[in-house]
Structure formats: C-alpha cells, structure tokens
Amino acid sequence: MRFNDHTESVSAEAEASPLLPSSPSPAKPVNLRGGTLSVHPDGEHYSYAYGPTGLEGLRANTYTLRCAMFASLGGLTFGYDQGVIANVLVMEDFVTRWPVGAWERGLMTAVLELGCMFGALSAGILADKIRDAVFCLGSALQTWAQSLTQITQGRAIGGLGVGALSMLSPLYMAEISPPEVRGSLLALEQLSIVLGCVVGFWTGFLTRNVTGSLSWRIPLGLQIIPGIILGLGTFALPASPRLLVLQGQREAALASLAKLRLRPLSEARTDPLVQIEMLEMEAEAITLQRASPTGEGRPLRNEALAWARLFDRRYIDRTLVGVMIMFFQQWSGINALIYYGPLLMRNLGFSGGTVYLLVAGGTNIVQFLAVFPAILYMDKWGRKPLLRIGSVTMAASHLLIALLIFEFGGEWGNHANATWIAVSCVYFFTAAYGMSFGPVGWVLPNEVFPLTLRGKGAALSTASNWLNNFFIGLITPALMENSPALTFGVFGSACFLAYLWATHIVPETANVSLETIDDHLTHQLTVTDQVERDLGLYDLVRELSGDNGER
Ligand SMILES: O[C@H]1[C@H](O)[C@@H](O)[C@H](O)[C@@H](O)[C@H]1O
C-alpha cells in the first residue's frame, strides 16, 4: 500500500479528490542508491523515486527518455497531418483539380478523425508493425491519389494507423516510465503532436507555390518518413516490463526494467527500488488475473467482457476520467481555432496572408512552446493545478473574446485596440491550453487504469478525443456563421465546467507508481494488499527503511 508523499511539493489537492483516500502523514525519505524511499511509521504505506523530477530527472533517465521520444513519433504523424491539410485544402492545384463543395471537403478532412477513432479502438487487435504499415499505406494512397475519392480513402485508411499510434505511443511511454518523471515523459506525446503541426504547416506553406500537383503531393508524401522510422524502430524498443509480467515472463521483464533504469542485470536483481517495482507489478498482475481469469476458447466473448469491465461499478470512475479529459480537451475549442482560425481572424478584421500566418502559424508555435513548462513541472506541481489554472485562463480568454465580438463585431476597423486584445486572448488561450489540457489529456488516461484494463481504457479515451474532435470540426462553421460571440461563449462555458471537474473529480496522479494509483483508485484495497504481503513486499520495504517490523 503506497501513499502520495511526494518529497517535492505535489499539491495537497490530491487529498481533496473524492477518488483518492486521504494519505497518511509523510515520512522521512531514506536514500537508496541515488533514489529515495519514504515509509510511513505503519510500515505499509510508502512511496519511492529513482531520482529527481523535471529536467534533472529526464537527464538521469537517458535511455527511457530516448525510447519515449522515439515512441512519440506516433504523435508527430497526426500533428503533421493537421498542419498539412490546412494548407493543402487551399492550394491552387488541389482546388482547381477537384472543385468540390464544402461538404465533400469537410468529409475529406473529417474522415481521418473517424478512421482514427476506429484505429484507437482496434489498436489492440493489430500487431505493431501492421498498424504502422496501415499508416504508410494510407499516406501513400493520399500522395499518389488520382481522384478525391482516392484521397478520402487514403485518409480513412491512414486514420486507422494514426489512431492506433496515437493510443499506443503514450500507453507505452507510461509503462516504461519511473514514477517521478512519468508526467514529463508522457507530455512528450503532446510535444510531438504539436511539433508535427508546426512542421506540417510550414512544409505545406513552403511547397504551396510549387507548380502542379507536387505542391500537395510533396507535403502529403513526407509523412511516410516518420512512419517508416517508427516501423523500423519498434524492433529496437524494449518491451514494456508491465506487459511482460502480465504475460508471466518475469525474467524478460526484469531484463527490460534493468535496461530502462540503467542498471546492469546483475545489479538490478539486488537493487532495492527495482525489486520494489517488480514486486508491485507482480502483485498487480496476480490480483488482476485472479479477479478476471479469462475463459478459454471464447475469444469474442472474453473481448466483449473485457470492454464491459470498463463500465463496471469498480472502474467507471476511471473510465469517466479518461473519457472526460479528452472531452474537455476538445471542447476547450483548440481545434476550432486550428481548423477555423483564419475565419475567426477575418471576423476580427484581418485579411489575406496576415490572417494565415497569425493564426495557423502563430497559434501552433505558441502551443508548441507552452508544452515545455508542462514537461518541466508537471511532476513537481502535479496534474490538477495545471488543469485548474489552465481551464480558468482558457474560460476567461474565451469569454473576453465573446464580449469583444458582441460589443465591436462588424466595426473592428474603428476599434484597433479591441482587435488586438481579442488576438492576445487567442494566444493566451492557446498558451494556457498548451500547458494544461493539451499535455495532461495524454497523461491521465494512461495512468488511471489498472494493468489489464489499461489498453482498453486508453483506447476508449483516445476514441473520445477523436470523436469529440470530429464533432467540433463539424459544428464550428455553423456555430460561427450563426454567432461568433456564442461560439466563444460555448467553448468558454465548457472550460468553466472543466475547471469544476478538475477541482472536484480528477485524482492527482503525480509522482506515484502506476500500481499505486491503481491501489488508490480501487476503493477496497484488501486483495492487492494481501498479495503484496504474500509476495514479501512490505517486509522488503520495512527492511530497507531500517525498521525491524516490531511495532
Ligand atoms: O493534444 C492535441 C493537440 O493539442 C493538437 O493540437 C490538437 O489538434 C489535438 O486535437 C489534441 O488532441
């Protein structure tokens, strides 16, 4: 049984969350080969860290960092598509070749998001390399398309790959990370997505004047490169130790963990923190297997039962956390700005190329820069404070824009100051989003589910991202046409609800191991506790803390 004693100052809000039981008072940390173990006087509540959080922590985890960066290439692929497509849709060759209506164009854009949703949900079925191959096939189809139907088909197929990768990359990162830098490492997914947006946007921007179809074939084709690198790289990445334990491969899991924690295998066998981490994984795997032994010979029924467990009374809280963080991430309105930003800027009185650069180019860069504070401080400050500050700032920015449009809409020319305040609000919003719901949206869903449900839970949460993304894309133009002020009012209200949700419902997950989070979220701890006791975990913890157990 562990507790949320972060030697550094993770918010006390964790204790205010209804999902987490209140933690026992913190204990003095014991230094263990560079890491720390803090044990409560009762000998059964503890927390541990292999090293510091933030930048120093990332520096101390070079190999895990490299693996996570590599895995995050999955995020790059979908960010790139978003960045590129905005440009492709207005390229001269593209528009004259296929002079289609708004509806077909909308379908062509949105079909990727629907593909992504199915890709995320079915990620568990396809093997790694096949998912990647599906993505490359989709990209190739788009690049060599001879008709709009082929592009649309290519985007639907590519979407399956992008969706699967967008779910699997962060899941893998969560499973290989040590507790003290898991938030920072998972935030790399967001960094990659937004980097993809920036690169995609500027690539399209640079090739837009190339003659003929190369103007759009080049940027669409380039996305195959990260796909190929990722495909080749999956052969070199170490397997998730948690998955190996679940599959009963203890030795392989230890070898993988030793590599990730930068210890020679022989040393890892006796390293106290590695031993604790291994025992925790084993305890969780045993508990979960006892709780849900899979019946043999009925794979479809078992699969359906496994999905149904997400809605079981015991897990529904976590399922809602995963689904709702993505819901609020999308209803914050970030993609309304990304997809329809130029429209908004035109509403604010800007025109031509300025509009384009200000919005699409500018907001992507702001979003990209905003991820860095999240990477550096997410584990130190905790997830909840980021979400709360972020949602309040986003709500305030949206509401101010709504008021300004209401007051000065249609006569911006006479109110230059109001225009610039509105533009600043767009950037404030983007920065606040980029530090909060952007990265945390990819962190929380990969932390709150227990081992056996983690894949399906993350898949459902990612599907929620894509489905809501799709709806936003669909309704925003109509909303804007109807009333731009109302559009911002709607997103502002969603941000305010997100604040209430982050304050009262979200559990703090910073700085504790994935198994600890599971312990905390499982309202009755008894089974895992007993298994942990049987495996000798508490004896080991007491021994390491210099306690002989007599109390
Ligand atoms: O986290 C990402 C990121 O913020 C992207 O810019 C946005 O387009 C995605 O929908 C979102 O999931």
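The residue numbering used here restarts from 1 in each chain and proceeds along that chain's sequence as written. Owing to the predicted nature of the model, reporting of local features is limited to residues with pLDDT of at least 70; listing and counting of side-chain atom pairs is limited to 80 or more, with chain, interface and lining totals taken over all residues.

## Quick notes on the overall build of the protein
Part 1: Helices and strands together make up the secondary structure of the protein, namely 26 helices and three strands.
Part 2: Here the protein holds 551 residues, and 53% of them are scored as buried.
Part 3: Within the protein, contacts between residues at least 6 apart in sequence are counted, and of these 79% link residues at least 24 apart. A run of DSSP states H or I qualifies as a helix once it reaches four residues; a run of E qualifies as a strand once it reaches two. Both are numbered from the N-terminal end. With C-beta atoms placed from the backbone, the exposure class of a residue follows from how many other C-beta atoms lie within 10 Å of its own: 20 or more, buried; 12 or fewer, exposed; in between, partly exposed. Here contacts are defined at the residue level, using C-beta atoms placed from the backbone and a cut-off of 7 Å between them.

## Digging into helix α12 (residues 250-260)
Part 1: Among all positions in α12, only A253, L254, S256, L257, A258 and L260 are buried.
Part 2: L262 lies just past α12 and shows a positive phi near 60 degrees.

## A short note on the site of the ligand
Part 1: In the vicinity of the ligand lie 14 residues, with Q190, I193, N335, G438 and N469 positioned nearest.
Part 2: Listed by contribution, the elements that provide at least two residues to the shell around the ligand are α8 (182-207), α17 (334-347), α21 (437-443) and α22 (451-482).
Part 3: For the shell around the ligand, the leading source of residues is α8, giving four residues.
Part 4: Asp, Glu, Lys and Arg are counted as charged, while Ala, Val, Leu, Ile, Met, Phe, Trp, Tyr, Cys and Pro are counted as nonpolar; the rest, among them Gly, fall into the polar class. Taken together, the residues that form the shell around the ligand break down as five nonpolar, nine polar and no charged.
Part 5: There are two domains that each give the shell around the ligand at least three residues, and those are domain 1 (60-237) and domain 2 (314-510). By definition, a residue lies near a molecule or strand provided its backbone-derived C-beta atom is within 6 Å of it. Delimitation of the domains relies on an automatic or database domain assignment.

## Some words on the sheet that holds strand β1 (residues 29-32)
Part 1: Sheet architecture is open: three strands sit in the order β1-β2-β3, paired in antiparallel fashion. Among the strands making up the open sheet, the edge pair consists of β1 and β3 (46-49). Ignoring strand direction, the axes of neighbouring strands in this sheet form an average angle of 20 degrees.
Part 2: As defined by bridge partners, β1 adjoins strand β2 (residues 35-39) across four bridges and the pair is classed as antiparallel. Note on β2: the bridge partner recorded for V30 is L37. Only when DSSP finds a minimum of two bridges between them are two strands counted as paired. Orientation is described by lines fitted to C-alpha atoms, with helices fitted over the stretch in contact, and by angles between N-to-C directions that extend from 0 to 180 degrees.

## Some words on the pairing of β3
Part 1: Side chains Y46 and Y48 of β3 all project onto a buried face; the interleaved residues S47 and A49 project onto the opposite face, where all are buried too.
Part 2: The pairing of β2 with β3 spans four bridges and is classified as antiparallel. Among the inter-strand pairings, T36 is bridged to a residue of β3, identified as A49.

## Let's talk about helix α24 (residues 514-521)
Part 1: Here α24 lies mainly inside the structure; eight of its eight residues are buried.
Part 2: Where α24 is concerned, the buried positions are L514, E515, T516, I517, D518, D519, H520 and L521.

## A short note on unusual backbone geometry
Part 1: You will see that L262, though not glycine, has its phi angle at about 60 degrees, which is positive.
Part 2: Mapped onto the elements of the fold, L262 is located in the loop between α12 and α13 (265-270).
Part 3: Overall, L262 belongs to the partly exposed group, with 14 C-beta atoms counted inside 10 Å.

## Overview of the packing of α17 against α22
A pair of packed helices is captured by two measures, namely the crossing angle of their axes and the spacing between those axes.
Part 1: Contact geometry of α17 with α22 gives a least axis separation of 9 Å together with a crossing angle of 30 degrees. Our classification of the angle between α17 and α22 gives roughly parallel. For α17 against α22, the interelement crossing comes out right-handed. On α22, the residues touching N335, A336, Y339, Y340 and L343 of α17 are N469, I472, G473, T476, P477 and M480.
Part 2: Residue composition of the contact of α17 with α22, by class: seven nonpolar, four polar and no charged. Roughly parallel covers angles under 35 degrees, roughly antiparallel covers those over 145, roughly perpendicular covers 65 to 115, and oblique covers all other angles. Each helix crossing is assigned a hand: it is left-handed if the near helix lies turned anticlockwise from the far helix by less than a right angle, otherwise right-handed if that turn is clockwise.

## Topic: the nonpolar core
Part 1: Counting residues in each nonpolar core, the largest one holds 149 residues, and the members touching the most others are A120, M173 and A187.
Part 2: Residue assignment places this core across two domains, with domain 1 (60-237) and domain 2 (314-510) each supplying three or more.
Part 3: Among all residues touching A187, those that are not within four sequence positions of it are V371, A374, I375, M378, P439 and V443. The nonpolar core criterion groups buried Ala, Val, Leu, Ile, Met, Phe, Trp, Tyr and Cys residues into a set whenever they are joined through C-beta atoms within 7 Å.

## What to know about the pairing of β2
Part 1: Of all five residues in β2, four are buried; the element is thus mostly enclosed.
Part 2: The turn linking β1 back onto β2 is made up of two residues, and R33 within it adopts a positive phi angle of 40 degrees.

## Looking at the environment of L265
Part 1: Here L265 lies in helix α13.
Part 2: When the C-alpha atoms of L265 and I338 are compared, they prove to be 47 Å apart, with 73 residues separating the residues in sequence.
Part 3: If sequence neighbours within four positions are ignored, L265 has contacts with A255 and A258.

## Topic: the domain arrangement of the protein
Many structure descriptions define interface size as the accessible area lost when the parts assemble.
Part 1: Partitioning the protein into structural domains gives domain 1 (60-237) and domain 2 (314-510).
Part 2: Between domain 1 and domain 2, the C-alpha centre-to-centre distance is 21 Å.
Part 3: Contact residues are listed per partner, giving 34 residues for domain 1 and 33 residues for domain 2.
Part 4: Elements represented by at least two residues in the side of domain 1 that touches domain 2 include exactly α3 (73-88), α5 (102-121), α7 (148-176) and α8.
Part 5: No other element matches α8, which puts 13 residues into the side of domain 1 that touches domain 2.

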